[in-house]
Amino acid sequence: MIEMTPTPAPTGIDSAGLANFLRAFFAPLFLVVVSVVALFFLFTREITRFVQFLILAIAIGVIFYVPNIIEVTAKAIAGALGIK
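Summarised in this report is the structure supplied together with it. (Residues numbered from 1 in each chain as written. Predicted model: local features only at pLDDT ≥ 70, side-chain atom pairs only at ≥ 80, totals over all residues. Heavy atoms only, no water.)

Positioned with a positive phi, R45 is a non-glycine residue whose angle comes to about 60°. Of note, R45 is situated in the loop between helix 1 (16-43) and helix 2 (47-65). Residue classification places R45 among the exposed positions, given a relative accessible area of 73%. (Helix = DSSP H or I, 4+ residues; strand = E, 2+ residues; numbered from the N terminus. Buried < 20%, exposed > 50% of the residue type's maximum accessible area, 1.4 Å probe, protein only.)

Here the focus is the packing of aromatic side chains. If you walk through the whole model with that rule in mind, you get four aromatic pairs. Each ring, one from F40 and one from F41, has its centre 5.7 Å from the other, and the planes form 55°; the classification is tilted. The exposure class of F41 is buried, given its relative accessible area of 12%. An aromatic cluster of at least three residues, connected via ring pairs, comprises F21, F25 and F26. (Phe/Tyr/Trp six-rings, centres within 6.5 Å; stacked < 30°, edge-to-face > 60°.)

So yeah, pure geometry; function would need other evidence.
Written out as structure tokens, the structure reads:
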């Protein structure tokens, strides 16, 4: 006879659902704000500010849209510094 033991319930907070909800909620809002500001810079012919804003928006977009980017970056920095 096979003895079945119950598996313990996870003790930590599962934040994957929350992260997905926040990403789905703020992503369209982020795109609208980026589009409006970019159009403003283009219509006022401030090309330098437009390029700076575009680079900043891409960097923030990567943080929003790429899952686990902060964790991977922190591990890479810690590894480069010799911290385990």
